[in-house]
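Okay, here's what each chain looks like letter by letter:
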Amino acid sequence: MATKSKIAKNYSIEDYSIDEEPFYIPVSDEVQVFESAYDQKIPILLKGPTGTGKTRFVEYMSWHLSTKTSKKVPLITVACHEDLTASDLVGRYLIDSSGTKWIDGPLTRAVKHGGICYLDEIVEARKDTTVIVHPLTDHRRILTIDKLGEVIEAADGFLMVISYNPGYQNAMKDLKQSTRQRFVAIEFDFPTTEVETQIIKFEANIDDGTATSLAALGEKIRNLTDHGLSEAASTRVLIYAAKLIKAGIKPRRACQVAVAWGITDDKKLYRSIEEVITAIFP
């Protein structure tokens, strides 16, 4: 059956919300914790390895809260990086044909209009950038814009959510205690084989047998982290492999390009992963 193609839509950043229910399988009480924190205006920290569903969970909660309250809860996402400045978040003066004009950044727009402001991989941002969220994550819930000489109180629907991968932390990239203790934390990890099988099957529209084999592959590769593998195979790369298999690529080749080559350059570890792939997909 032919699928209906999607037409690209443009939204202003504060109007973007999740209209269709994202596929998400709760593994504990994370939905209840997030919902309670949103009601009490308590900021949230999501921590866990890459590809374990942190971003999908935020998308799901944006949809869930919109459905529950019958009012759209916008989701404003910022992918943090080492060159991200405070001005990128708050705003800056720009010059156009009419002269100098102030443009609000994504954080300022989220504060004014409400909704979830999601700072993904917060530790990648510069240290001086993370400090600006402090007044927004305590009882004050305010944003100070020094360049305008203004203080903005956060709208009722505003919630600050940040995420980070503890596996990347080091002396240079870690979350300060002064920042961490302003949030309630929800921890994510790789799902059980049974849950991961359901996720792969749904996301790639693949058969049960292939989904089960890929979930088993992910579990076995993750055991190699005790033998020098720095980053485990995420659910995301297993879904990529499943989609390639669905498209006609042979399973071993699909796992090679989507999983093995993507997670390590170490030849010894690569051979170990290849052996695991061959054992599951002979």
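Preceding this section is the structure that the text describes.
Quick caveat: nothing in here was measured; it's all calculated off a predicted structure.

Conventions we followed
Each chain carries its own residue numbering, running from 1 in the direction its sequence is written. A pLDDT threshold of at least 70 governs which residues receive local features in this predicted model, and a stricter bar of 80 or more applies before side-chain atom pairs are shown or counted, although totals over entire chains, interfaces and linings include all residues. Side-chain calculation: all heavy atoms of the structure are included, whereas hydrogens and water are not. Partly exposed describes any residue whose relative accessible area lies between the buried limit of under 20% and the exposed limit of over 50%, with all areas from a 1.4 Å probe on protein chains only and scaled to the type maximum. Here a strand is any run of E in DSSP of at least two residues, a helix any run of H or I of at least four, and the numbering for each starts at the N terminus. Any Lys or Arg side-chain nitrogen found within 4 Å of a carboxyl oxygen on Asp or Glu counts as a salt bridge.

## Digging into helix H4 (residues 106-113)
Turning to step 1, where the next piece is worked out: All of the buried residues in H4 are Pro 106, Leu 107, Thr 108, Ala 110 and Val 111.
Turning to step 2, where the next piece is worked out: Phi turns positive one or two residues past the end of H4, at Gly 114, with a value near 85°.

## Points about the pattern of salt bridges
Turning to step 1, where the next piece is worked out: In total, this model carries eleven salt bridges according to the counting rule given.
Turning to step 2, where the next piece is worked out: Residue Asp 88 pairs with Arg 92 through a salt bridge whose shortest N-O separation is 3.0 Å.
Turning to step 3, where the next piece is worked out: By relative accessible area, which is 26% here, Asp 88 ends up partly exposed.
Turning to step 4, where the next piece is worked out: Taking the relative accessible area as the measure of exposure, Arg 92 reaches 32% and is therefore partly exposed.
Turning to step 5, where the next piece is worked out: Through salt bridges with shared partners, a single ionic network connects Glu 35, Asp 39 and Lys 68.

## So, unusual backbone geometry
Turning to step 1, where the next piece is worked out: Here the phi dihedral of Lys 41 falls at roughly 60°; this positive angle occurs in a residue that is not glycine.
Turning to step 2, where the next piece is worked out: Mapping Lys 41 onto the fold places it in the loop between helix H1 (30-39) and strand S1 (44-47).
Turning to step 3, where the next piece is worked out: A positive phi is found at Ser 70, a non-glycine position, where the angle reads about 55°.
Turning to step 4, where the next piece is worked out: Note that Ser 70 resides in the loop between helix H2 (54-69) and strand S2 (75-79).

Remember, this is a structural readout, not a statement about activity or role.
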